[in-house]
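Remarks on the overall topology
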Amino acid sequence: MSNAEFARWMRDTQSRTETALAAALPEPSIAPARLHEAMRYAVLGGGKRVRPLLVHAAGEIAGAPIAHLDHAACAVELIHAYSLVHDDMPCMDDDVLRRGKPTVHIQYDEATALLVGDALQTLAFQVLSNHAVSLTPSGQLNMIRLLATASGSRGMAGGQAIDLAAVGKQLSREELEVMHVHKTGALIRASVLLGAQAGNMPTDEDLQRLDHYAKLVGLLFQVVDDILDAEADTATLGKTAGKDADHAKPTYVSLIGLDESKRLAADMLAEAHALLTPLGERANRLHALADYIVHRPF
Ligand code: GRG
C-alpha cells in the first residue's frame with residue numbers, strides 16, 4: 001500500500017466518521033437546543049479520528065460490513081470526545097484550548113460542559129445498541145460490554161482517577177504504565193477489538209495478536225503524547241503545550257528523559273510491526289496507523 005493510498009483511505013474514513021457523527025448527534029434545532037449545539041461543537045469538525053481509523057482498519061481484517069464499522073467508530077469517538085470535554089474542565093485539567101478552539105466550558109459554561117460529556121457518553125451506547133454492529137446478537141452485546149468496560153472505572157475513567165491522584169507525586173515507570181494503559185490505552189485497545197468483532201471473528205491466535213498490537217499502540221500513543229507535550233508549541237498542538245510539566249504531572253519525559261522516551265517509542269513501534277507481520281497484507285493499514293501514531297501531526 002503506497003503512502004498516497006493510505007492518505008486517501010484515511011481521508012475517506014475520517015469523512016465517513018464525520019458523517020456518522022453528524023447523523024448521530026441531535027440537531028441543534030431540537031430542544032434543548034443549547035445542549036445539542038454544544039455537543040456538536042465538542043465533536044464535529046476537529047480531531048484526527050485515530051480511534052475510528054483503528055476500528056475500520058481492524059474491521060477490514062475481519063471482513064466486517066462497513067456500516068457496522070461506521071457505527072462502532074462513531075460510538076468510540078463519542079466516548080473520546082466526552083473524555084476530552086470533562087478532562088478540560090476546571091475540576092480536572094483546567095484547559096482553555098482544545099482542537100484549536102476554546103474548550104466547551106469556556107465557549108459555553110461549566111454546567112453545560114458537564115452535561116455535554118454525560119450526554120455524549122450515553123449517546124455512544126445508544127449508537128451501539130440502536131444499529132447492527134455485529135453479525136450476531138451476542139456479538140453485539142459483547143461489543144457494548146467491551147466499550148463500557150474500556151470507558152469505566154476499570155478503564156479510561158479509572159486511569160483518569162489514577163492520573164489525578166498522581167499529580168505532584170513521583171511514580172515508578174510501572175505505575176506510570178498502569179495509569180496510561182487505563183487512561184489512554186483502554187479506549188485505543190477497545191477500538192481495535194470493536195473493529196475485529198464487528199465482522200467474522202478472527203482466529204484466537206489472530207485476535208491475540210491484534211489485542212497485543214492494540215495494547216502496545218495504546219501505550220505508544222501516550223509516550224508520543226508526552227514527547228509532543230514537551231517539544232511542540234501551543235499553536236502546533238491546538239491545545240496548551242507544556243501543561244504536564246506545569247502541573248507537575250509524571251510523564252515518560254519527566255521520568256526517563258526525552259531521548260530515552262524517543263528510543264522507547266521507536267522500540268514499541270518496531271514491536272507493533274513485528275506483531276502484525278504474520279497477518280500479511282491484510283494488516284497493512286494497521287501497520288500504517290502505528291506509524292501515523294508516532295509521526296502524527298499533533
Ligand atoms: C474525564 C473520564 C475522563 C477521562 C479523561 C483520555 C482522557 C481521560 C483525557 C484526555 C486527556 C489527554 C490529553 C490525554 C492524553 C492523550 C490523549 C487522549 C490525547 C488526545 O487524543 P487525540 O490526540 O485527540 O486522539 P484528537 O483531538 O485528535 O481527537
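Described in the following lines is the structure provided in the data block.

Conventions and cut-offs
- Position numbers for residues start from 1 in each chain and track the written sequence from start to end.
- Two thresholds apply to this predicted model, a pLDDT of at least 70 for residue-level local features and 80 or more for giving and counting side-chain atom pairs, whereas whole-chain, interface and lining totals are computed over all residues.
- Side-chain numbers come from the whole structure's heavy atoms, not from hydrogens or water.
- Helix numbers and strand numbers start at the N terminus; a helix is a DSSP run of H or I with at least 4 residues, a strand a run of E with at least 2.
- Summary of the burial criterion: residues with accessible area below 20% of their type's maximum are buried, those above 50% are exposed, and those between are partly exposed, where the area comes from a 1.4 Å probe applied to protein chains only.
- Think of a polar contact as two N or O atoms within 3.5 Å of one another; within protein, one of them needs to be a possible hydrogen donor and the other a possible acceptor, and neighboring residues in sequence only count if both atoms come from side chains.
- Between two residues, a contact is recorded if the distance between any of their heavy atoms is within 4.5 Å.
- How far a helix is expected to stretch is found by multiplying one less than its residue total by 1.5 Å.
- Here, the arc refers to the directions that run from the helix axis to the C-beta atoms.
- Only centres within 6.5 Å qualify two rings of Phe, Tyr or Trp (six-membered ring in Trp) as a pair; their planes then separate them into stacked at under 30 degrees, edge-to-face at over 60, and tilted for everything else.
- Two limits define a charge over a ring: the Lys NZ or Arg CZ must be within 6 Å of the ring centre, and within 35 degrees of the ring normal.
- Here an axis means a line fitted to C-alpha atoms, over the contact stretch when the element is a helix, while the angle between two N-to-C directions is reported on a 0 to 180 degree scale.
- Convention used here: angles under 35 degrees read as roughly parallel, angles over 145 as roughly antiparallel, angles from 65 to 115 as roughly perpendicular, and any remaining angle as oblique.
- For any helix crossing, the convention is left-handed if the near helix is rotated counterclockwise from the far helix by under a right angle, and right-handed if that rotation is clockwise.
- Classes in brief: Ala, Val, Leu, Ile, Met, Phe, Trp, Tyr, Cys and Pro nonpolar; Asp, Glu, Lys and Arg charged; the others, Gly included, polar.

1. Observations concerning the side chain of Ser-151
With respect to the helices and strands, Ser-151 occurs in helix H7 (residues 137-151). The class of Ser-151 is buried, set by a relative accessible area of 3%. Within the structure, the side chain of Ser-151 is placed 2.6 Å from the backbone oxygen of Leu-147, a separation counted as a polar contact. Contacts of Ser-151, omitting those with residues within four sequence positions, involve Ile-79, Met-156, Ala-157 and Leu-187.

2. Overview of unusual backbone geometry
The amide bond that connects Ala-31 to the next residue, Pro-32, takes the cis arrangement and shows omega of -5°. Mapped onto the secondary structure, Pro-32 falls in the loop between helix H1 (3-24) and helix H2 (33-43). Of note in the backbone geometry, Arg-49 takes a positive phi value of approximately 60° without being a glycine. When you line up the elements, Arg-49 lands in the loop between H2 and helix H3 (50-61). Owing to a relative accessible area of 3%, Arg-49 belongs among the buried residues under this scheme. We note that Arg-99 has phi near 50°; this positive angle belongs to a residue other than glycine. Following the sequence through the fold, Arg-99 ends up in the loop between strand E1 (97-98) and strand E2 (101-102).

3. A short note on H7
Here H7 spans 21 Å end to end across 15 residues, near enough to the 21 Å set by a 1.5 Å rise per residue. Taken together, the buried positions of H7 are occupied by Gly-139, Gln-140, Met-143, Leu-146, Leu-147, Ala-150 and Ser-151. Taken down its axis, H7 places every buried residue within 120° of arc, on the same side. Summarising the contacts, the buried residues of H7 are in contact with helix H4 (66-87), helix H6 (110-130), helix H8 (156-166) and helix H9 (173-197).

4. Focus on the packing of aromatic side chains
Counting across every chain of the model gives two aromatic pairs. Ring centres 5.6 Å apart and planes at 75° place the aromatic pair Tyr-41 and Tyr-108 in the edge-to-face group. Of the two residues, Tyr-41 sits in helix H2 while Tyr-108 sits in the loop between helix H5 (104-107) and H6, which places them 67 residues apart along the sequence. Just as Tyr-41 is buried, Tyr-108 falls in that class too. Cation over ring: Lys-101 sits above Tyr-41, and NZ or CZ is 4.0 Å from the ring centre. The ring of Phe-221 has Arg-296 lying over it, and the distance from NZ or CZ to the ring centre is 3.8 Å.

5. Regarding the packing of H6 against H7
The N-to-C vectors of H6 and H7 enclose an angle of 165°; their axes lie 10 Å apart at closest approach. Here H6 lies roughly antiparallel to H7, going by the angle between them. Between H6 and H7 lies a crossing of right-handed hand. Contacts between H6 and H7 involve Phe-125, Leu-128 and Ser-129 from the first element and Gln-140, Met-143, Ile-144, Leu-147 and Ala-148 from the second. Grouping the amino acids of the contact of H6 with H7 by side-chain chemistry returns six nonpolar, two polar and no charged.

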